[in-house]
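# Results of the structural survey
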Amino acid sequence: MKDDSGISGLNHESRRDQTGTPEYQSARYAEQIKLLYLQANKALLATLIIASILSLIFWRHISPSWNLSWLTAIFLLTLGRFNLIRSYFRADPTVEAAPLWGQRFIYGCLLSGLLWGAAGSIFFVSESVIHQLFLAFLLGGMLAGAMTTLSSNRTAFLVFSVPSTIPFVYHNMLLYDNEMSLVLGFTYLFFLLMITSISSQLRHNITESLNLRYENVALVHRLTQAKEQLELRVFERTEELAATNDILQQEKELFQITLASIGDAVITTDSTGLVTYLNPVAEWFSGWKNTESTGKALHDIFQIRDLVQNDPIENILDRMVDNPSQSDNNQECILIHRDRHECIINYSIAPIKNRNKDIIGTVLTFRDVTEQRKLTEKLAYQAAHDALTGLLNREEFENRLSKILASIRKNDIHALLYLDLDQFKVINDSCGHGAGDELLRQVTALLHSKLRTRDTLARLGGDEFGIILEHCPPNEALQVANTLRELIQNFRYRWQDKTFTIGVSIGLFPIRHDNDGLASTLSAADSA
């Protein structure tokens, strides 16, 4: 009865450890703040080096008093931030104190962003494009560095990146109206947007990693406690081993029942990497029985490949031993079954430690995410394609056209064709929607036969189609349009006992770097 109560207490404790609680949210935020402080030392050292280089390069081009004042402010602020980092690790703050330390760090980021923003004004040499480009290069490097070190906290990244960007962009886009300054300003602004987007994705990945770690901490904690309790009982009752043998056997069975009842696949190993246990779910996924796998190396039982490169993944236990404070969490890969069939899994691995913090084994958990990935890919395809013809839909077509308009260079030229079928409504009304649908499918096949692989064909709605001809001069685009028009006009559509002649109206509009935007481009093609 005493042993059952102990196991029940562990189960109750693990059920209380839910990741959606305020305590969990606070702990996750504290980890994010800790990441900021851990990565800050090298970033601050790089700041001093870059600031010195900037001051030296521009020494003859700006006032020495402004130069020295700015450089002094940078050094004083950086020294203060070094002291803040030192104080943080000395204090080793609790979860409750993390918000206060986070605010202090963010204030430092804000002041640093303002100083680097001031650099965009102080060191802006209007008569030298080379110095403007060099200044943009250094400020861009600071933004890239901020992305890698500050992405764990959105506020810290934004309070640095936005103030450090605005003055430089303001000088290029508003104070100087020459073409080079505008291009440089827009390029730098686009770079900021891309860095912000990447930072957002990094922050999402960090958050997901912390989420998964806390989701699995209950399992690791329970297994570790159960293992430690068994070792403690064996140590304390060595002289009574005969009398307590039945009790220990019951506890072992309860331990295995706990693992067997877990919905995910679980594999445990000893400290040398040899398999000690597979629960029934792991047996089903790997094709190995628990009795067959015991004593075998983990990589013989758990064979996985990289999801992108399809290369074998080895030494997952070695990576964990080399970095015992970090475990592989939320890793997706391909699992190879014993009979060689494959599935996509998501796995996590963590060490099992005794009371002396020595690694005495590992626990590996994984689950099948094959159907989940297929569903995600299917939904993504359906969201971007027309269900009837299989072509891109209007939204995806406009997205691609927007990207082309945003990235087009001065000497690039593309073409946009806007097609509107004639007689479609007549066929649809006289023969029914089935005939109209079949006509659209056949027209789709016809258009595909005359287009290049790189061209984009989409159904924009009803009987309207859109085509993007990339890197296609006007004369070639006109030739393509005439070819498509003649192809449709010569096509005879047969439905049951009726034959129809259809036509098509094609609007041609060249896509150049000076186009106004998506809406005006589509409107111009429709009206052409």
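Quick note: structure is the one above.
What comes next is a walk through the structure. In this text, all values refer to a predicted model and were calculated from it rather than measured experimentally.

## Thoughts on the sheet that holds strand β5 (residues 331-336)
If you trace the seven strands from one edge of the open sheet to the other, you get β2-β1-β7-β6-β5-β3-β4, paired in antiparallel fashion. Sheet topology places β2 (275-278) and β4 (312-313) at the edges, where each strand pairs with a single neighbour. Two elements, strand β1 (residues 265-270) and β2, share three bridges in a ladder whose sense is antiparallel. Each bridged residue has a counterpart across the sheet, and for T269 the counterpart in β2 is V275.

## Side note on the pattern of salt bridges
Applying the stated criterion across every chain, the model contains 11 salt bridges. Of the charged contacts in the structure, one is a salt bridge between E292 and R338, with a shortest N-O distance of 2.8 Å. One end of the pair, E292, is in helix α10 (residues 290-293); the other, R338, is in the loop between β5 and β6 (342-353), and 46 residues separate them in sequence. R373 is the salt-bridge partner of E332, the closest N and O atoms lying 2.8 Å from each other. With E332 in strand β5 and R373 in helix α13 (residues 370-384), this pair connects stretches of sequence that are 41 residues apart. The class of E332 is partly exposed, set by a relative accessible area of 33%.

## Describing unusual backbone geometry
Most peptide bonds take the trans configuration, and most residues that are not glycine carry a negative phi. With phi around 70 degrees, K357 is a residue other than glycine that occupies positive phi space. If you trace the backbone, K357 turns up in the loop between β6 and β7 (359-368). Residue classification places K357 among the exposed positions, given a relative accessible area of 64%. The phi dihedral of Q496 is positive, around 55 degrees, even though this residue is not glycine. What makes Q496 exposed here is its relative accessible area of 71%.

## A look at the side chain of N290
Structurally, the position occupied by N290 is in helix α10. Within polar-contact distance, the side chain of N290 engages the backbone nitrogen of L278 at 2.9 Å. Non-local contacts of N290, meaning those with residues more than four positions away in its chain, are made with T276, Y277, L278 and E283.

## Digging into the packing of aromatic side chains
Per the counting criterion, the structure on display carries 14 aromatic pairs. On the basis of an interplanar angle of 80 degrees and a centroid distance of 5.6 Å, the ring pair of Y88 and W101 is categorised as edge-to-face. In this pair, Y88 is assigned in helix α3 (residues 64-91) and W101 in helix α4 (residues 98-122), connecting sequence segments 13 residues apart. Of the residues examined, Y88 reaches a relative accessible area of 7% and is grouped as buried. Ring centres of W284 and F285 lie 5.1 Å apart, and the angle between their planes is 80 degrees; this geometry places the pair in the edge-to-face category. With relative accessibility at 64%, the residue W284 sits in the exposed group. You can call F285 buried: its relative accessible area is 12%.

## Looking at the sheet that holds strand β13 (residues 503-511)
Strand order in this open sheet of four strands is β9-β10-β8-β13, and the pairing throughout is antiparallel. Two strands in the sheet have a free side with no partner beyond their single neighbour: β9 (456-461) and β13. With direction set aside, neighbouring strand axes in the sheet form an average angle of 20 degrees. Bridge analysis of strand β8 (residues 414-422) against β13 gives nine bridges, and the strand direction is antiparallel. Paired with D422 across the two strands is G503, which belongs to β13.

Quick notes on the rules
Residues numbered from 1 in each chain as written. Predicted model: local features only at pLDDT ≥ 70, side-chain atom pairs only at ≥ 80, totals over all residues. Heavy atoms only, no water. Pairing = 2+ DSSP bridges. Helix = DSSP H or I, 4+ residues; strand = E, 2+ residues; numbered from the N terminus. Salt bridge = Lys/Arg side-chain N within 4 Å of Asp/Glu carboxyl O. Buried < 20%, exposed > 50% of the residue type's maximum accessible area, 1.4 Å probe, protein only. Polar contact = N/O pair within 3.5 Å; in protein donor to acceptor, adjacent residues only side chain to side chain. Contact = heavy atoms within 4.5 Å. Phe/Tyr/Trp six-rings, centres within 6.5 Å; stacked < 30°, edge-to-face > 60°. Axes fitted to C-alpha atoms, helices over the stretch in contact; angles between N-to-C directions.

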